[in-house]
There are 2 protein chains.
Amino acid sequence: MQTSSVGSDEVGRAAQRLAGLVWRTPVVRCDFLDAATGTRLWLKAENLQLGGSFKIRGALLATTRLAACGGRGVLAQSTGNHAIAVALAARRQGLATTVVLPEDALPNKVRRLGEIGARVVTAGTTLADRLAVLDELRERDGYSVVDPYENRSVVVGQGTATAELIEQVEHEGGRLDAIVVPIGGGSAIAGACLAVSGRAIDVVGAEPAAVPAFAAALGAGRPVTVPAGLTIADGLRPDRVGALPFGIARDAVDRIVPVPEAAIADALRAALLHARLLVEPAAATALAAAIDLGPELGDDVGVLLTGGNVETSLITSLLADPVAALT
Amino acid sequence: MQTSSVGSDEVGRAAQRLAGLVWRTPVVRCDFLDAATGTRLWLKAENLQLGGSFKIRGALLATTRLAACGGRGVLAQSTGNHAIAVALAARRQGLATTVVLPEDALPNKVRRLGEIGARVVTAGTTLADRLAVLDELRERDGYSVVDPYENRSVVVGQGTATAELIEQVEHEGGRLDAIVVPIGGGSAIAGACLAVSGRAIDVVGAEPAAVPAFAAALGAGRPVTVPAGLTIADGLRPDRVGALPFGIARDAVDRIVPVPEAAIADALRAALLHARLLVEPAAATALAAAIDLGPELGDDVGVLLTGGNVETSLITSLLADPVAALT
């Protein structure tokens, strides 16, 4: 919770810029989950967003600015949704896109990028490998890099999802006590912190217990690299949070919840079978924290369901055999 | 298409009565499906409705009237969503409910009815078995029967889903050319016909090719019993449409589409993997017709996704092995 509303004003201006460019995704209620948790859950269904993830918001805001400044093209590196979001956003602005992916990138993400018309370059398997190639390409082609974490437009753009959620809940006569957001590199939680500024809404971060990068950063007072355990939440695998989002969120966050793998899997199943929404494990991580804490968070709890890009094989294995999916 | 707006006025009054009692479910857009079909699809996500199905609308309208007239309790027979909807609706009105189910009813539906607090009576496997027991119970307990088809409140209530869809599309600056609705006993399509009356919106009915009850009724000029083939669309298994809904819809419907089983399965997968919505096979039947006809239906096509009550085993088998699920 922050008292100044500078952040929410910035997010509000971003929301105006994005109006008509992104879908105003619905806020879904689920009587079963309300009864099970003993609180009213307001599920912001960004799994239904363009491109299947809230990341299109930050990507569009960043590329709109690049296009306005006469940028020639866009470069992004990512293992997942950020690359797809940047490619979609850049196409809208008429900008060429090159994305640098690891050699072991998921086939369906590579295919999707091809469909969008992005040029795909693969480079090793580590972040360092990708950044080296990114630098080469930037010098050669003169494209601008849209970083998933260290870019204020990206963070502010992600914050518009939370701002919309707050507005939609108020429109229904509710008032959020807390909002639960998953933490990967940190852009979602930093955006949420900006969006709630000036309001009495707690921001709760949920991260896989296997990759406690934000908790470690809070402990050290700065982003540190953690030993990254295995998690099904592919979107939350960064083993270090970004410096920019950490700087925004460190004092504004109210609570960080480490979520066990089994709880992520349970929440994904609950979202699918009870809320009838297909969400990716990152989104399920936030839902799991909300289910776990329930009334401790207040009467009205928002959950940012960040995306819905899931491998079909993960859905079937989670439904058929919860244990197998976790090994 | 009808020229008089008597029907839509009646649906409008019902919508006012239901305001605040049911959820205003979102209309979901999906860029992938738009690109695949060559038309703009507006998916009315009643799978996200209270109780997981649009049937709560008609059930609430009917039971509200019963409660206002001093009814003692409610009786319903059904193999599926109608029983759950009536039990939920009656509980809201403080009315006791007894539901009569076939002996081979799906276990998760029986469990759900128990959770809601309804008394469950099982009777044989045929409609005739259930109706005989229903008559006995009505005489003994003095409860009122809420029929899934031959009850005008039910039909008008179901129509409010279509009315809401039309309004939501207009709010987004669109104008529907057609709406596609699945046909089981006929309450959804009859409700849709009432809701569009006075507007230039085509009503398209989708029924499993395996159970072509509405097409047969149109051919015969009255409801007739058809040999019911196997279909995964359990909500669309009635082998005869209701006389009341048929009378409303017969001249108002613009087109009936027989949908093969494989297309129902494909549409269910598409809804899940691309629109990220879990829908039941009945809803997928309507989506399949919209996908098949695409631009033939116009530029803006509404699809009534009637519900999301699916057996987990059907999801896994459809995702794992499309062929197995159909045998």
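Residues numbered from 1 in each chain as written. Chains lettered and ligands numbered in written order. Predicted model: local features only at pLDDT ≥ 70, side-chain atom pairs only at ≥ 80, totals over all residues.

(A) Focus on the overall build of chain A. Helix and strand counts for chain A stand at 14 helices and 10 strands. Here chain A has a C-alpha radius of gyration of 18 Å; the compact-globule value for 327 residues is 20 Å, and the two agree. Principal-axis analysis of the C-alpha atoms places the extent of chain A at approximately 55 × 45 × 40 Å. Counting across all 327 residues of chain A, residues that qualify as buried make up 57%. Long-range pairs, those at least 24 residues apart, make up 73% of the contacts in chain A between residues at least 6 apart in sequence. (Helix = DSSP H or I, 4+ residues; strand = E, 2+ residues; numbered from the N terminus. Rg over C-alpha atoms; globule rule 2.2 N^0.38 Å. Buried ≥ 20, exposed ≤ 12 C-beta atoms within 10 Å, placed from the backbone. Contact = placed C-beta atoms within 7 Å.)

(B) Region of interest: the relation of the copies chain B and chain A. Placing chain B over chain A gives an RMSD of 0.0 Å and needs a rotation angle of 180°, together with 0.0 Å of translation along the axis. A rotation of that kind, with that shift, is consistent with a two-fold axis. The fraction of interface residues of chain B whose copies in chain A are also interface residues reaches 100%, indicating that both copies meet through the same surface. (Least-squares fit on C-alpha atoms with pLDDT ≥ 70 in both.)

(C) Examining the nonpolar core more closely. A:Ile179, A:Val180, A:Leu287, A:Leu304, B:Ile179, B:Val180 and B:Leu287 are the most contacted members of the largest nonpolar core, which totals 239 residues. Residues in contact with A:Leu304, not counting those within four places in the same chain, are A:Lys44, A:Glu46, A:Ala161, A:Thr162, A:Leu165, A:Ile179, A:Val180, A:Val181, A:Ala188, A:Ala192 and A:Ala286. (Core = buried A, V, L, I, M, F, W, Y, C linked by C-beta atoms within 7 Å.)

(D) Examining the interface of chain B and chain A more closely. Contact with chain B, which involves 20 residues of that partner, is made by 20 residues of chain A. No other element matches helix H13 (residues 312-320) of chain B, which puts five residues into the side of chain B that touches chain A. Along the lines of polarity and charge, the residues of the side of chain B that touches chain A split into 12 nonpolar, five polar and three charged. (Nonpolar A, V, L, I, M, F, W, Y, C, P; charged D, E, K, R; others polar.)

(E) The environment of B:Thr225, seen in detail. For B:Thr225, the location among the structural elements is in the loop between helix H9 (213-220) and helix H10 (243-249). Setting aside anything within four residues of it in sequence, one finds B:Thr225 in contact with B:Asp239 and B:Arg240.

(F) Structural view of the domain arrangement of chain A. Residue and element names in this part refer to chain A. Considered domain by domain, chain A is made up of domain 1 (6-53 + 152-325) and domain 2 (55-145). When each unit is reduced to the centre of its C-alpha atoms, the spacing between domain 1 and domain 2 is 24 Å. Counting from both sides, the interface comprises 23 residues of domain 1 and, opposite them, 16 residues of domain 2. Only helix H1 (6-18) and helix H7 (152-171) provide two or more residues apiece to the side of domain 1 that touches domain 2. Looking at which element gives the most residues to the side of domain 1 that touches domain 2, the answer is H7, with eight residues. (Domains from an automatic or database assignment.)

(G) Here's a closer look at the packing of helix H11 (residues 261-273) of chain B against helix H12 (residues 281-293) of chain B. Residue and element names in this part refer to chain B. Direction vectors running N to C along H11 and H12 enclose 95°, while the axes themselves pass 8 Å from each other. In terms of orientation, H11 lies roughly perpendicular with respect to H12. In this structure, H11 contributes Ala 263, Ile 264, Asp 266, Ala 267, Leu 268 and Ala 271 to the contact, and H12 contributes Pro 281, Ala 284, Thr 285, Leu 287, Ala 288, Ile 291 and Asp 292. Of the residues in the contact of H11 with H12, the class split is 10 nonpolar, one polar and two charged. (Axes fitted to C-alpha atoms, helices over the stretch in contact; angles between N-to-C directions. Parallel < 35°, antiparallel > 145°, perpendicular 65-115°, else oblique.)

(H) Structural context of the environment of A:Ala14. All names here are of chain A. Along the chain, Ala 14 turns up in helix H1. Remark: the alpha-carbon pair of Ala 14 and Gly 157, spanning 143 residues in sequence, is separated by 6.2 Å. Every residue in contact with Ala 14, bar those within four places of it in the chain, is listed here: Leu 61, Val 156, Gly 157 and Thr 160.

(I) Structural detail: the sheet that holds strand E4 (residues 96-101) of chain A. All names here are of chain A. Strand order across the open sheet formed by four strands is E5-E4-E3-E6, with parallel pairing between neighbours. The open sheet has two edge strands with one neighbour each: strand E5 (119-122) and strand E6 (144-145). Where strand E3 (residues 73-77) and E6 come together, two bridges link them in parallel fashion. By the bridge assignment for E6, Leu 75 is matched with Val 145. (Pairing = 2+ DSSP bridges.)

(J) View of unusual backbone geometry. For A:Arg276, which is not a glycine, the phi torsion comes out positive at approximately 60°. Take A:Arg276: there are 27 C-beta atoms within 10 Å of it, and that puts it in the buried class.

(K) Just the sheet that holds strand E2 (residues 40-45) of chain B, in detail. Residue and element names in this part refer to chain B. Across the sheet, six strands lie side by side as E1-E2-E10-E7-E8-E9; this open sheet has mixed pairing. The two strands at the open ends of the sheet, each matched to only one other strand, are strand E1 (27-28) and strand E9 (255-259). Sheet topology note: the strand E8 (residues 202-208)/E9 ladder contains five bridges and is parallel. Note on E9: the bridge partner recorded for Ala 206 is Val 257.

(L) The arrangement of H1(A) in detail. Residue and element names in this part refer to chain A. With 13 residues, H1 should cover 18 Å at 1.5 Å per step; its first-to-last C-alpha distance of 19 Å lies within 8% of that length. Taken together, the buried positions of H1 are Gly 7, Ser 8, Val 11, Ala 14 and Ala 15. With its buried residues spanning 115° around the axis, H1 presents them on a single face. The exposed residues of H1 that point more than 90 degrees off its buried face are Val 6 and Gln 16. (Expected span 1.5 Å × (residues − 1). Arc of directions from axis to C-beta.)

(M) Representation of the packing of H1(A) against helix H8 (residues 187-196) of chain A in the model. Residue and element names in this part refer to chain A. Between H1 and H8, the shortest axis-to-axis distance is 5 Å and the interhelical angle comes to 105°. As far as their axial angle goes, H8 and H1 are roughly perpendicular. Residues Gly 7, Ser 8, Glu 10 and Val 11 of H1 lie in contact with H8, whose contacting residues are Cys 193, Leu 194, Ala 195 and Val 196. Among the residues making up the contact of H1 with H8, the classes are represented as five nonpolar, two polar and one charged.

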